[in-house]
Amino acid sequence: MFENFTSMMTPEFIRYILIPAVIGGVAVTLCSALLGVSLVLKKYSMIGDGLSHVGYGALAIAAVMNFAPLRFALPVVVIAAILLLRLSDNSKLHGDSAIAVFSTTALAVGILVSSKAGMMNDVSHYLFGSILAMDTNDVILSVVMSVLVIVLFVLFYHKIFAVTFDENFSKATGIRVDIYKMLIAVLTAVTIVLGMMMMGSLLISSLIIFPALTSMRLCKSFRSVVICSGIVSVACFLTGLFISLAADTSPGASVVVVNVVVFAVFTVISKIKSR
């Protein structure tokens with residue numbers, strides 16, 4: 001296993017493939033972890049799964065139309081996130097139902113378009129992820145957008161905290177709840193699109209769910225869960241990436257398996273401490 005790893009570690013591979021993958025991956029996993037805490041606490045964590053399927057549909061159409069994939073998918077998924085929020089708040093199509101309608105429709109459209117154009121193989125990496133195939137432009141866009149997401153999260157941290165735990169109390173104190181719910185939805189949409197290049201539409205929601213759930217096993221305050229979630233997410237990503245290179249496995253799947261193992265370990269530690 002390690003012979004395969006050492007043979008790959010050429011200066012060219014490290015400079016042009018590994019370093020960009022690490023930079024882009026760390027940025028995206030950190031964003032996913034921060035937003036995941038609010039989404040999990042609001043019982044809206046599956047929005048990541050729904051938006052990732054919308055993202056797959058947008059990326060498939062972009063590939064067929066020869067558009068820049070990320071630049072085309074970003075606004076489409078942001079609009080989908082806003083519509084999902086509106087549907088959940090103002091119609092009879094609530095929560096999971098709205099997500100299911102959007103995700104299955106978008107996934108079907110993406111598969112239909114790509115299969116009709118004979119490009120299923122060309123867009124299959126959007127389903128399973130291919131972080132080592134990210135080019136310089138993808139990495140730059142991922143880092144820029146990730147920094148923007150982190151800055152906005154930190155800037156509005158207290159408002160996001162209030163909206164996450166008690167929307168009615170937040171309204172009573174004068175906080176524009178709708179605006180900050182919209183902010184969370186938009187930031188999540190941006191993070192989902194960026195993460196799809198790394199994890200694929202089938203696995204990206206794991207970056208949102210697992211670090212938050214793992215941190216909640218041991219941490220009790222919102223701030224400590226957010227910080228621990230970020231650390232766990234980045235550590236699991238780097239470990240999963242190393243394992244995938246050494247064992248020649250899928251990077252996205254390896255990252256998810258590492259997250260599952262860490263979640264299990266934290267759960268066991270939590271049970272031991274509770275005794």
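The structure this text deals with has already been given above.
The structure contained in this document is the topic of the report that follows. (Residues numbered from 1 in each chain as written. Predicted model: local features only at pLDDT ≥ 70, side-chain atom pairs only at ≥ 80, totals over all residues. Heavy atoms only, no water.)

## Examining the state of the cysteines
Two cysteines form a disulfide when their sulfur atoms are joined by a covalent bond.
In step 1: Under the counting rule described, the total for this entry stands at zero disulfides.
In step 2: Here Cys-228 is not disulfide-linked; the sulfur of Cys-219 is the nearest cysteine sulfur, at 3.9 Å.
In step 3: Taking relative accessible area as the criterion, Cys-228 reaches 16% and is therefore assigned buried.
In step 4: Take Cys-236: it sits in no disulfide, and the sulfur closest to it among the cysteines is that of Cys-228, at 9.9 Å. (Disulfide = S-S within 2.5 Å. Buried < 20%, exposed > 50% of the residue type's maximum accessible area, 1.4 Å probe, protein only.)

## Observations regarding the packing of helix α13 (residues 222-247) against helix α14 (residues 251-274)
In step 1: Where α13 contacts α14, the two axes come as close as 8 Å, and the packing angle between them is 130°. The pairing of α13 with α14 is recorded here as oblique in orientation. Crossing hand, α13 versus α14: right-handed. Residues Cys-228, Val-232, Cys-236, Phe-237, Thr-239, Gly-240, Leu-241, Ile-243 and Ser-244 of α13 touch α14, and the partners they reach there are Pro-251, Ser-254, Val-255, Val-258, Asn-259, Val-262 and Phe-266.
In step 2: Partitioned by chemical class, the residues of the contact of α13 with α14 number 11 nonpolar, five polar and no charged. (Axes fitted to C-alpha atoms, helices over the stretch in contact; angles between N-to-C directions. Helix = DSSP H or I, 4+ residues; strand = E, 2+ residues; numbered from the N terminus. Parallel < 35°, antiparallel > 145°, perpendicular 65-115°, else oblique. Left-handed = near helix turned anticlockwise from the far one by under 90°. Contact = heavy atoms within 4.5 Å. Nonpolar A, V, L, I, M, F, W, Y, C, P; charged D, E, K, R; others polar.)

## Some details on the environment of Gly-48
In step 1: Looking at where Gly-48 falls in the secondary structure, it is placed in helix α3 (residues 47-65).
In step 2: Exposure remark for Gly-48: the relative accessible area of 0% places this residue in the buried category.
In step 3: Distance from Gly-48 to Ala-185, taken between C-alpha atoms, is 9.7 Å for residues 137 residues apart in sequence.
In step 4: When residues no more than four places from it in sequence are discounted, the contact partners of Gly-48 are Ile-192, Ile-204, Ser-205 and Ile-208.

## Some remarks on the packing of helix α2 (residues 11-41) against helix α12 (residues 205-218)
In step 1: Here α2 crosses α12 at 70°, and the two axes come no closer than 7 Å. Viewed along their axes, α2 and α12 adopt a mutual orientation that is roughly perpendicular. The handedness of the crossing between α2 and α12 comes out as right-handed. Where α2 approaches α12, its residues Thr-29, Ser-32, Ala-33, Gly-36, Val-37, Leu-39, Val-40 and Leu-41 are matched on the opposing element by Leu-207, Ile-208, Ile-209, Pro-211, Ala-212, Leu-213 and Met-216.
In step 2: Partitioned by chemical class, the residues of the contact of α2 with α12 number 12 nonpolar, three polar and no charged.

## A short note on the packing of aromatic side chains
In step 1: By the definition in use, this model includes eight aromatic pairs.
In step 2: On the basis of an interplanar angle of 35° and a centroid distance of 5.4 Å, the ring pair of Phe-67 and Phe-72 is categorised as tilted.
In step 3: Judged by relative accessible area, which is 25%, Phe-72 ranks as partly exposed.
In step 4: Measuring from centroid to centroid gives 6.3 Å for Phe-153 and Tyr-157, while their planes differ by 70°, and the two rings are edge-to-face.
In step 5: Among the residues examined, Phe-153 registers a relative accessible area of 3% and is labelled buried.
In step 6: Taken together, the aromatic side chains of Phe-153, Tyr-157, Phe-161, Phe-165 and Phe-222 make up a single cluster linked through ring pairs. (Phe/Tyr/Trp six-rings, centres within 6.5 Å; stacked < 30°, edge-to-face > 60°.)

The quantities given are spatial measurements derived from coordinates; they are silent on function.
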